[in-house]
Amino acid sequence: MALGAFPPTTAAAQAEAPAKDASKAASPEWFEEKIRPLLAARCFECHTDDKSGGLRLDSREGMLLGGESGSAIEPGKPDESLLIRVVRRVPKVPAMPKKAAKLKDEEIEALVDWIRAGAPWPAPGAGEAKPVAAR
């Protein structure tokens, strides 16, 4: 490749990058390293036992069940997921976290990748809240 030349950008190469991110984001290790600590640090204060807005974010079932505004996540569809819209602070939706600074871009992107991967939640284990019952 000539000096100053850029590698070719193809649709296939661009489509491959999200697929790699999605497979990585689907792993239990990635969830335990990136997602659970983020949710615990930034969301659990209000969205566990307190169920602010009727929403629990400490289980996949709680996210799917949602709260007063509906389901928090649409697995495979981050842009349609309320969770992503509120942390991005999209106009006309509540900004979250409500009493804290906006999530960092890399934190939001981790959530996007996780939801794009189907929002997998490892099987119940040590330290995980029990799934909530359907209303």
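Residues numbered from 1 in each chain as written. Predicted model: local features only at pLDDT ≥ 70, side-chain atom pairs only at ≥ 80, totals over all residues. Heavy atoms only, no water.

(A) Representation of helix 2 (residues 28–42) in the model. In this model helix 2 runs 20 Å from its N-terminal to its C-terminal C-alpha over 15 residues, within 8% of the 21 Å that 1.5 Å per residue would give. The largest bend along helix 2 reaches roughly 30° and is located at I35, with the proline P37 sitting one to four residues downstream. Those residues of helix 2 lying buried are W30, F31, I35, R36, L38 and L39. (Helix = DSSP H or I, 4+ residues; strand = E, 2+ residues; numbered from the N terminus. Expected span 1.5 Å × (residues − 1). Bend = angle between axes of the 7 residues up to and from the residue. Buried < 20%, exposed > 50% of the residue type's maximum accessible area, 1.4 Å probe, protein only.)

(B) Highlighting the confidence of the model for the protein. Of all residues in the protein, 75% have pLDDT values of 70 or greater, and the mean over the chain is 81. Note that residues 1–17 has pLDDT below 50 and, in this model, four contacts with residues that lie over four places away or in other chains. Taken together, the stretch residues 126–130 has pLDDT below 50 and engages in six contacts with residues farther than four places along the chain or on a different chain. (pLDDT = per-residue confidence, 0-100. Contact = heavy atoms within 4.5 Å.)

(C) Here's a closer look at unusual backbone geometry. Cis peptide bonds are those with omega within 30 degrees of zero, and the linkage from M96 to P97 qualifies with -5°. The backbone of R89 shows a phi angle near 60°, a positive value even though the residue is not glycine. Take R89: it is sitting in the loop between helix 4 (82–88) and helix 5 (105–116).

(D) Structural context of the side chain of D113. Considering the arrangement of structural elements, one finds D113 in helix 5. In this structure D113 comes out as buried when scored by relative accessible area, which is 15%. A polar atom in the side chain of D113 sits 3.2 Å from the side chain of R116. (Polar contact = N/O pair within 3.5 Å; in protein donor to acceptor, adjacent residues only side chain to side chain.)

(E) Structural context of the packing of helix 2 against helix 5. With their axes 10 Å apart at the nearest point, helix 2 and helix 5 run at an angle of 120° to one another. On the basis of their axis angle, the class for helix 2 and helix 5 is oblique. When you trace helix 2 past helix 5, the crossing you get is left-handed. Counted together, W30, F31, I35, L38, L39 and R42 of helix 2 and E107, A110, L111, D113 and W114 of helix 5 form the full contact between these two elements. (Axes fitted to C-alpha atoms, helices over the stretch in contact; angles between N-to-C directions. Parallel < 35°, antiparallel > 145°, perpendicular 65-115°, else oblique. Left-handed = near helix turned anticlockwise from the far one by under 90°.)

(F) Region of the structure containing the environment of V87. Looking at the secondary structure, you find V87 in helix 4. Beyond its immediate stretch of four places on either side in the chain, V87 contacts M96, K102, L103, I108 and L111.

(G) The arrangement of the environment of E61 in detail. Along the polypeptide, E61 turns up in helix 3 (residues 60–65). Its relative accessible area of 39% is what places E61 among the partly exposed residues. Taking the C-alpha atoms as reference points, E61 and I73, twelve residues apart in sequence, are found 10.0 Å from one another.

(H) Main features of the packing of aromatic side chains. On inspection of all chains with the given rule, the structure shows three aromatic pairs. Ring geometry for F31 versus W114: centroids 5.9 Å apart, planes at 45°, classification tilted. Note that F31 is positioned in helix 2 and W114 in helix 5, a separation of 83 residues in sequence. By the burial criterion, F31 is buried, and W114 matches it. Look at F31 and W121: their rings are 4.7 Å apart centre to centre, the planes differ by 55°, and that puts the pair in the tilted class. Of the two residues, F31 sits in helix 2 while W121 sits in the segment after helix 5, which places them 90 residues apart along the sequence. (Phe/Tyr/Trp six-rings, centres within 6.5 Å; stacked < 30°, edge-to-face > 60°.)

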